[in-house]
Amino acid sequence: MSANRPISVFDVIGPVMVGPSSSHTAGAVRLGLIARAALGEPPVQAQLSLHGSFARTGRGHGTHLALVAGLLGLSPSDERIRHSLHLAEEAGLQVTFDTIDLGEEAHPNSVLIHVQGPTQSLSLGGASIGGGLVEVTQLQGYRVHFSGELDTLILIADDQPGTVNTISGWLAGHQINIATLRVKRNERGGQAIMILETDQPLPIPLTQGLESLPWVHWARTIPRIKE
Amino acid sequence: MFHSLAELVQQAQARALPLWEIILEGEIKLSDEPRSVIWNRMRQRLEVMRRSTGQGLEAPLHSLSGLTRGSAHRFWNWLESGAQPLSGPLLSRAIARALSVSETNACMGCIVATPTAGASGILPALLFTLQEQRGFSDEQLIQALFTAGGVGVVILHRAHVSGAAGGCQAETGSAAAMTAAAIVELMGGSPAQASHAAAIALKNMLGLVCDPIGGLVEAPCTKRNAAGVAQALVAADLALAGVESLIPADEVIDAMRRIGNHMDESLRETAEGGLAATPTAQQLTQQIWSKSHEF
C-alpha cells in the first residue's frame, strides 16, 4: 500500500470491502468503475482481457465478477458483486472474457477493458497494485498514469498553444483547485491527452461545456472512488 | 501519525489517558474532521464486522474455488450441540467467529480489513465474543478499535502488513498484536500492559510464512485466523497478569520487518513455496486453474 498521504487508523481498520482480496477483488471493482465513468454512459458490451495473476487466479478471487460489478456501478463493498454476471444480463450488458499476455513490463494484476455504450466506445488498460489501489495505464490508446484516488478530469484535445491556460482558467472559475496536471501527446498526430486531478468534485455539466469547445474532442470526469 | 508504541504509551501515561483516547485525538488532528464524524465512521465499521462474525455461523459458506466449505458453520453447530471444547467457551466461540469472518471474505461477503482482508477475522472475533461473555458495550468496542488501529498504524510505519511484503506474520501476526493490545485495554489493563500484549502476540507469530493454496486468500488463511485468536488471548492474559515482554514492542515490530525482508519470495504470497508447494496443494491448484480457463 503506498497512498501518498499520512497513515490513518482507517487504513488498518479498513477498508470496508467485499472479499477475498483487496487487490484481486476491491481493486478490480475500482477499475470497472473508472471504465464506466470514462465511457460516460451505461455500457452494453464489454470485452475483458485478463493478464498475469488476474488471468491465473482471477476466477478463484472473483476478479471477473468484480470487474463487471464496477462496470455496472457497484461499489467495492456491495455484496451484490458475487451476482454481477446475473445483474449484467438484467442490465443488458453483454460481457466476454479472455486472457491476454501484456508482456513482462505489465503489472501481474492487469486488465485490458474494451467497452461500448449506445453511442460511445472506450479502451482502458489498468492494474490493481495492492490494498485496493489501482493505476490506469492506458486510455483510448494513450499511455497514461492516474489512480482514481482524486476527482479526475480527462481531455483529448488538439495540441495547440493556450489549451492548459483555458482549462485551468475554466476550473478556477468553478472554484476547483488542481492537485496534479499531466499532458501527453499522441505520437501519431496533433492531439494530446490532458489529465487533471482536482481537490473538489467536478460537475458533469462542466465536462459538457468543455466538450463544446472546438478543439476539445473528448472530455470525461472520473469521480473519486469512495469506499 | 504514531511511529512507535513507546511514544504512544508515554503520551497516555503523561496525560493519564487510555491509548484509544490518544489515538482518536491523533486521528482528529490528521483528518481535520470532527470527533463525532470519526467516531461514527468507526461505528459503521463495527457494524460490518458484527455481520461478518455471524454470516458463516448461520449457514455453511462455499467459495468459488471450492476450498472453503462451511467450517465455521460446522464448528458452531458442534459447539451448539453441547460439546465441551478443550479451548473453553470464550476461545472456542471466538474461533467460530474468526472462521466466520474469514469464510465471509473468501465467499465475497463484506468485511473490514484488519489490517488486511486475509487477517480480518481475528479482531472482530474476540471483540464480539468478549461483548457476549463479559457484557461490554458497543461504545467500549469502538474504543478498542481505536486502540487496535493505533497499534496497526505503528506497524504500518515500521514494517509491513501484507503477506506479499512480509509473510503471514505481517498479516495475522499484526492482527493478533492489534487485538491483544485492544482487549487488554478493554479489560482494564494499562497502556504499558497493552503494549506488552502486542509485543508478546507478535513475537509468538514471528517467522510465519504466507503460502496460500493456489494464491487464494482461503487456505490456510482461515485456520490461521483461528490460531491468531488464540495467540491474542494468550498474550492478553499474560500481560494482564503483569508478565512483561523482555523485548519492547517496537523492537519486535522491527524484527518482524527484517524477518519479512529475509523471507524467500516463494514464501510471500506467490503460492510457490510452503504449503502451496505440497503435492495436495498443487493438485487442488490444478483443479482451480482448469476452472479458471473456462473464460
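Note that this is a predicted model, so its numbers are computed, not measured.

Procedures and definitions
Residues numbered from 1 in each chain as written. Chains lettered and ligands numbered in written order. Predicted model: local features only at pLDDT ≥ 70, side-chain atom pairs only at ≥ 80, totals over all residues. Heavy atoms only, no water. Patch = residues over 30% accessible without salt bridge, like charges linked within 9 Å, V, L, I, M, F, W, Y side chains within 5 Å. Areas by Shrake-Rupley, 256 points an atom, 1.4 Å probe, with all protein chains shown as cover. Salt bridge = Lys/Arg side-chain N within 4 Å of Asp/Glu carboxyl O. Helix = DSSP H or I, 4+ residues; strand = E, 2+ residues; numbered from the N terminus. Pairing = 2+ DSSP bridges. Axes fitted to C-alpha atoms, helices over the stretch in contact; angles between N-to-C directions. Contact = heavy atoms within 4.5 Å. Buried area = accessible area lost by both parts, 1.4 Å probe. Polar contact = N/O pair within 3.5 Å; in protein donor to acceptor, adjacent residues only side chain to side chain. Phe/Tyr/Trp six-rings, centres within 6.5 Å; stacked < 30°, edge-to-face > 60°. Buried < 20%, exposed > 50% of the residue type's maximum accessible area, 1.4 Å probe, protein only. Lys NZ or Arg CZ within 6 Å of the ring centre and 35° of its normal. Domains from an automatic or database assignment. Core = buried A, V, L, I, M, F, W, Y, C linked by side-chain atoms within 4.5 Å. pLDDT = per-residue confidence, 0-100. Expected span 1.5 Å × (residues − 1).

Some details on a nonpolar patch on the surface
Part 1 of the reasoning: A contiguous nonpolar patch, built from A:Val164, A:Leu181 and A:Val183 and spanning about 220 Å² of accessible area, is present on the exposed surface.
Part 2 of the reasoning: Tracing the sequence through the fold places A:Leu181 in strand E9 (residues 178-185).

A word on the sheet that holds strand E10 (residues 191-198) of chain A
Residues and elements named next belong to chain A.
Part 1 of the reasoning: One open sheet accounts for 4 strands, arranged E9-E10-E8-E11; its pairing is antiparallel. Edge positions in the open sheet fall to E9 and strand E11 (216-222), since each of these has one partner strand only. For this sheet the average axis-to-axis angle between neighbouring strands, irrespective of direction, equals 10°.
Part 2 of the reasoning: Of the strand pairs in this sheet, E9 and E10 are connected by 7 bridges, and their pairing is antiparallel. Residue pairing across strands places Arg182 opposite Ile195, the latter belonging to E10.
Part 3 of the reasoning: With respect to the sheet, helix H5 (residues 163-173) is in contact with strand E8 (151-158), E9 and E10, its orientation differing from that of E10 by roughly 30°.
Part 4 of the reasoning: Across the sheet, helix H6 (residues 204-211) lies against E8 and E11, angled at about 170° from E11, the strand it touches most.

Side note on the environment of A:Val68
All names here are of chain A.
Part 1 of the reasoning: Structurally, Val68 is set in helix H3 (residues 63-71).
Part 2 of the reasoning: Placed 62 residues apart in sequence, Val68 and Pro6 show a C-alpha to C-alpha distance of 32 Å.
Part 3 of the reasoning: Val68 has contacts with Leu48, Ser84, Leu85, Ala88, Val95 and Phe97, leaving out every residue within four places of it along the chain.

As for the interface of chain B and chain A
Part 1 of the reasoning: Each partner contributes to the interface: chain B provides 47 residues, whereas chain A provides 36 residues.
Part 2 of the reasoning: Across the chain B to chain A interface the summed buried area is about 3,400 Å²; carbon plus sulfur atoms make up 67%.
Part 3 of the reasoning: The interface formed by chain B and chain A holds 1 salt bridge in total.
Part 4 of the reasoning: Where B:Arg51 meets A:Glu79, a salt bridge forms, and the shortest distance between an N and an O atom there is 3.0 Å.
Part 5 of the reasoning: Counting every contact that joins chain B to chain A gives 12 residue pairs in polar contact (both at pLDDT 80 or more).
Part 6 of the reasoning: Sorting the residues of the side of chain B that touches chain A by element identifies helix H2 (19-31), helix H3 (35-58), helix H5 (88-106), strand E1 (110-112), helix H7 (138-158) and helix H13 (279-292) of chain B as the ones contributing at least two each.
Part 7 of the reasoning: Of the residues forming the side of chain B that touches chain A, the biggest block, 9 residues, is contributed by H7(B).

Remarks on the packing of aromatic side chains
Part 1 of the reasoning: Inspection of every chain in the model, using the stated rule, returns 3 aromatic pairs over all chains.
Part 2 of the reasoning: Residues B:Phe75 and B:Trp78 carry aromatic rings whose centres are separated by 5.6 Å and whose planes lie at 50° to one another, so their mutual orientation is tilted. Here B:Phe75 pairs with B:Trp78, and both are found in helix H4 (residues 71-80), just 3 residues apart, close to one helical turn.
Part 3 of the reasoning: A relative accessible area of 42% means that B:Trp78 is categorised as partly exposed.
Part 4 of the reasoning: Lying across the ring of A:Phe10, B:Arg41 places its NZ or CZ 5.3 Å from the centre.

Focus on the pairing of strand E6 (residues 133-139) of chain A
Residues and elements named next belong to chain A.
Part 1 of the reasoning: For E6, a buried count of 5 out of 7 residues is recorded, marking the element as mostly surrounded by other parts of the structure.
Part 2 of the reasoning: Pairing geometry for strand E5 (residues 121-130) and E6, over 6 bridges, is antiparallel. In the strand pairing of E6, Ser128 is matched with Val134.
Part 3 of the reasoning: Pairing of E6 with strand E7 (residues 142-146) involves 3 bridges; the strand directions are antiparallel. Paired with Leu139 across the two strands is Tyr142, which belongs to E7.
Part 4 of the reasoning: The turn linking E6 back onto E7 is made up of 2 residues, and Gln140 within it adopts a positive phi angle of 50°.

Notes on the domain arrangement of chain A
Note: interface size is frequently given as the accessible area lost on complex formation between the parts.
Residue and element names in this part refer to chain A.
Part 1 of the reasoning: According to the domain assignment, chain A consists of domain 1 (10-139) and domain 2 (151-222).
Part 2 of the reasoning: Taking only C-alpha atoms, the centre of domain 1 and the centre of domain 2 are 25 Å apart.
Part 3 of the reasoning: The interface is formed by 8 residues belonging to domain 1 together with 6 residues belonging to domain 2.
Part 4 of the reasoning: Both faces combined, the contact of domain 1 with domain 2 buries some 520 Å², and carbon together with sulfur accounts for 68% of it.

A closer look at the nonpolar core
Part 1 of the reasoning: Membership of the largest hydrophobic core comes to 135 residues, with the highest contact counts inside it found for A:Ile13, A:Leu122, A:Leu139, A:Phe146 and B:Phe146.
Part 2 of the reasoning: Split by domain, the residues of this core number at least three in each of domain 1 (10-139) and domain 2 (151-222) of chain A.
Part 3 of the reasoning: Residues within four places of A:Phe146 in sequence aside, it is in contact with A:Ile34, A:Val134, A:Glu135, A:Val136, A:Leu139, A:Thr152, A:Ile154, A:Ile195, A:Glu197 and A:Ile222.
Part 4 of the reasoning: Residues A:Leu153, A:Leu196, A:Leu213 and A:Val216 belong to the second largest nonpolar core, which totals 15 residues.

Here we look at the sheet that holds strand E3 (residues 94-99) of chain A
Residue and element names in this part refer to chain A.
Part 1 of the reasoning: With mixed pairing, the 6 strands of this open sheet are ordered in space as E3-E2-E4-E5-E6-E7. Whereas interior strands pair on both sides, the edge strands pair on one side only; in this sheet they are E3 and E7. Taken pair by pair, the neighbouring strands of this sheet meet at an average axis angle of 20°, ignoring direction.
Part 2 of the reasoning: In the packing of helix H2 (residues 52-61) onto the sheet, the strands contacted are strand E2 (45-51), E3, strand E4 (109-116) and E5, and the crossing angle to E2 comes to about 105°.

Looking at the confidence of the model for chain B
Low pLDDT marks regions whose predicted coordinates should not be analysed in detail.
Part 1 of the reasoning: For chain B, the mean per-residue pLDDT works out to 96, and 99% of the residues sit at or above 70.
Part 2 of the reasoning: Interface confidence for the predicted complex, given as ipTM, is 0.96, next to a pTM of 0.90.

Looking at helix H9 (residues 168-186) of chain B
Residue and element names in this part refer to chain B.
Part 1 of the reasoning: Counted at 1.5 Å a residue, the expected span for H9 with its 19 residues is 27 Å, and the 26 Å between its end C-alpha atoms agrees.
Part 2 of the reasoning: In terms of residue burial, H9 counts as a mostly covered element, since 19 of its 19 residues are buried.
Part 3 of the reasoning: Gly188 sits one or two positions beyond H9 and adopts a positive phi of about 95°.

Some words on the side chain of B:Thr172
Part 1 of the reasoning: Relative to the elements of secondary structure, B:Thr172 occurs in helix H9.
Part 2 of the reasoning: Residue B:Thr172 is classed as buried on the basis of its relative accessible area of 2%.

Quick look at the pattern of salt bridges
If the charged atoms of two oppositely charged side chains come close together, the side chains can form a pair.
All names here are of chain B.
Part 1 of the reasoning: Applying the stated criterion across every chain, the model contains 17 salt bridges over all chains.
Part 2 of the reasoning: Taking the shortest distance from any N to any O, the salt bridge between Arg15 and Glu25 comes out at 2.9 Å. Here Glu25 lies in helix H2 and Arg15 lies in helix H1 (residues 5-15), a separation of 10 residues in the sequence.
Part 3 of the reasoning: Judged by relative accessible area, Arg15 falls into the partly exposed class, the value being 42%.
Part 4 of the reasoning: Exposure remark for Glu25: the relative accessible area of 26% places this residue in the partly exposed category.
Part 5 of the reasoning: Across the pair Glu132 and Arg93 runs a salt bridge, and its minimum N-O distance is 2.7 Å. Of this pair, Glu132 sits in helix H6 (residues 122-134) while Arg93 sits in helix H5, and the two are 39 residues apart along the sequence.

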